[in-house]
Amino acid sequence: MELPEASLHLPIPEAYEAEHVHHVYEQIAGHFSSTRYKPWPMVESFLKMQPDGSVGLDVGCGNGKYLTVNPKIFILGSDRSPALTKIASQHDHHSVVVADALLLPHPHSRFDFAISVAVIHHLSTASRRVMAIKTILDALKPSGNTSGMHGCLEKETKPGSGGRALIYVWALEQRGSRRGWDEGCEQDVMVPWVTKGEPNSAIHGTGNKSRKETGLKRRGKRYAPKDASQRTGREDSRSESEDMKSTVPPSTDRTEQEPSTEAIREFGTPKGGPSPDGREKSAEVTKTFQRYYHLYRSGELERDVVMAGGRVVDSGYERDNWWVIATRVIE
Amino acid sequence: MKVLTVNFLTCAVKACKGTALSFPLHFRDAELVQQEMDFHPTFVRNVLLRVDWEGLKVTAAELGFTTLPAEKPEGEALDNEQLLKDLHTLLLETQVTEGKLVCGNCQHEYAIKEGIPNFLLPNHLGSAPKSEAAFVE
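Residues numbered from 1 in each chain as written. Chains lettered and ligands numbered in written order. Predicted model: local features only at pLDDT ≥ 70, side-chain atom pairs only at ≥ 80, totals over all residues. Heavy atoms only, no water.

The name that an unreviewed UniProt entry assigns to chain B is Multifunctional methyltransferase subunit trm112, with the source organism given as Trichoglossum hirsutum. Entered under Sequence similarities (unreviewed entry) in the UniProt record, the comment concerning chain B runs "Belongs to the TRM112 family." (UniProt positions renumbered as here; feature names shortened; annotations may be inferred.)

Where an unreviewed UniProt entry is consulted, chain A appears under the name Methyltransferase type 11 domain-containing protein, with the organism given as Trichoglossum hirsutum.

Below, the discussion takes up the confidence of the model for chain A. Residue and element names in this part refer to chain A. Residues at a pLDDT of 70 or more form 63% of chain A, whose mean pLDDT is 71. Here residues 146-159 is modelled with pLDDT under 50, and outside its nearest four sequence neighbours on either side it reaches 23 contacts, counting other chains as well. Across residues 199-282, confidence stays below pLDDT 50; counting only partners more than four residues off in sequence or on other chains, it has 198 contacts. (pLDDT = per-residue confidence, 0-100. Contact = heavy atoms within 4.5 Å.)

The interface of chain A with chain B comprises 44 residues on the first partner and 37 residues on the second. Together chain A and chain B conceal approximately 3300 Å² of surface at their shared face, both sides included; 63% is due to carbon and sulfur atoms. Our count for the contact surface shared by chain A and chain B stands at two salt bridges. A salt bridge links Asp112 of chain A to Arg50 of chain B; the shortest N-O distance between them is 2.5 Å. For the side of chain A that touches chain B, the secondary structure elements donating two or more residues are β2 (74-79), α3 (82-88), β3 (95-98), α4 (126-139) and α10 (300-307) of chain A. A per-element tally of the side of chain A that touches chain B places α4 of chain A first, with six residues. Of the residues belonging to the side of chain A that touches chain B, the class tally is 19 nonpolar, 12 polar and 13 charged. (Buried area = accessible area lost by both parts, 1.4 Å probe. Salt bridge = Lys/Arg side-chain N within 4 Å of Asp/Glu carboxyl O. Helix = DSSP H or I, 4+ residues; strand = E, 2+ residues; numbered from the N terminus. Nonpolar A, V, L, I, M, F, W, Y, C, P; charged D, E, K, R; others polar.)

With that out of the way, let us pick up empty space enclosed by the protein. Tallied over the full model, the rule gives two cavities of 30 Å³ or more. In this structure, the largest cavity spans a volume of roughly 500 Å³. Along its surface, the largest cavity is lined by 31 residues, and Gly60, Asp79, Ala118, Val119 and His122 of chain A are the ones closest to its centre. Of all the secondary structure elements, the ones that give two or more residues to the lining of the largest cavity are α1 (13-33), β1 (55-59) and β2 of chain A. Residue contributions to the lining of the largest cavity peak at five residues, all from α1 of chain A. Each of two domains, domain 1 (40-171 + 296-328) and domain 2 (188-293) of chain A, supplies a minimum of three residues to the lining of the largest cavity. Empty space within the second largest cavity amounts to approximately 40 Å³. Together, Leu4, Phe43, Val44, Val47, Leu87, His88, Leu91 and Leu92 of chain B line the second largest cavity. Within the residue set of the lining of the second largest cavity, elements represented by two or more residues are α2 (41-50) and α4 (81-93) of chain B. (1 Å grid on protein atoms, 1.4 Å probe; cavity = no way out; pocket = protein on both sides within 12 Å on 5 of 7 lines; lining within 4 Å. Points joined across faces, edges and corners; volume = space filled by probe spheres on them. Domains from an automatic or database assignment.)

Turning our attention to the packing of aromatic side chains. Remark: the centre distance and the inter-plane angle together describe each pair of aromatic rings, the angle taken between the planes. If you walk through the whole model with that rule in mind, you get seven aromatic pairs over all chains. Here the aromatic rings of Phe111 of chain A and Phe8 of chain B are separated by 5.3 Å at their centres, their planes lie at 50°, and the arrangement is tilted. Note that Phe111 of chain A is positioned in the loop between β3 and β4 (113-117) and Phe8 of chain B in the loop between α1 (3-6) and β1 (26-34), a pairing that runs across two chains. Considered together, Phe111 of chain A and Phe8 of chain B belong to a single accessibility category, that of buried residues. With centroids separated by 4.8 Å and ring planes inclined at 65°, the aromatic side chains of Tyr317 of chain A and Trp322 of chain A adopt a geometry described as edge-to-face. Given the relative accessible area of 14%, Trp322 of chain A is considered buried. Here a set of aromatic residues connected by ring pairs shows up, and it is made of Trp170, Trp181 and Tyr293 of chain A. (Phe/Tyr/Trp six-rings, centres within 6.5 Å; stacked < 30°, edge-to-face > 60°. Buried < 20%, exposed > 50% of the residue type's maximum accessible area, 1.4 Å probe, protein only.)

On to the packing of α2 of chain B against α4 of chain B. All names here are of chain B. As a packed pair, α2 and α4 sit with axes 10 Å apart at the nearest point and diverge in direction by 70°. Taken together, α2 and α4 sit at an angle that is classed as roughly perpendicular. The segment α2 lies against α4, with Pro41, Phe43, Val44, Arg45 and Leu48 engaging Glu81, Leu84, Leu87, His88, Leu91 and Leu92. For the contact of α2 with α4, a count of residues per class yields eight nonpolar, one polar and two charged. (Axes fitted to C-alpha atoms, helices over the stretch in contact; angles between N-to-C directions. Parallel < 35°, antiparallel > 145°, perpendicular 65-115°, else oblique.)

Next comes the structure, spelled out in structure tokens:
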């Protein structure tokens, strides 16, 4: 059993997260957004199987990349970062609000589904992570205690069977990733995000596209210094958890952006070509932001769901992340 | 933000959630625009099943739409395409760009800027609930 990790960085988790999560995302929003356009397959299929006219939540919606997946449903996205929310609001079929995952402004029991992708792991104590899951589950339509524990998604998403939440968190066990974390490593880590250019200049992701995210092995150990990050810049420029091919780094930013020309248009990033980088580079300023993460161990997410009063319908591991599909049970 | 959205919002203050007065939130100084959206009758029909009709009537009246049926349209009434179009216009095309949303319970005001309401609370309202301690092992 893990120790309450609060002792690592108290006194006040709210203040800690404000500095090491909220402030960082606000600063890197445009830049971060330009790297986030590729939906994860599991999330995509979860959204696509929702019946026509379903109403759901995307808690921690970031730039709103999941808002475009299924035009036949209505998603109310929320994010703690006003800058990211503004980017997400461009998807005008849906709506977005600025809100804290622990203080969601939604009535209980009204929603058909919820997703929360790469969000809960930014909360810095076990109790806050459980609270966040409970807050999401409370918004769902409750399900009776009747359905079986089948792992089959299709069977489980019938109208009237209660709402379902899909939750993704970053895994501790990711030996194959470039970060190489694994069982036994420190679970509470700081992960750097390196930007070039003026952090606030590019809310839509332009002028800030040459960026890199450096890996580190553990907090306080082997944190990649600036020169190392510059050296490996392009190779490390992808997102951590949305990295779909972690063993095959793309050679350039352009390669990375090619899979989704739609996203490039939407976020205003120039369509390929290395030219925008070339001239700006000399004038760019490198800045490193440290984001806090709690890396989930095998079984920990399911445990948190149960502690939050939910029931795990299905769970699994995908690309360095643990996920669960959970329902809220009213006995 | 859409009129539909307000139907799925309440006060972020924990003590207000679930109280009768905290839903729906009330518009103040709302600036409206109409934004054309594709009309999908099935979508409107299905979304309507999930709408809190009493709440929608309050919201609509505050924004100056006073012609909503007293009861939520059901069954054959939903075959009326004009009705669905009107609801589409109200729920999805009518957008509030600026103004405030006010909780009828605690009177807290949430600002709406560029169509995005902000539900972050000042510290004295947003502290974590005491029950949180129960989860700590």
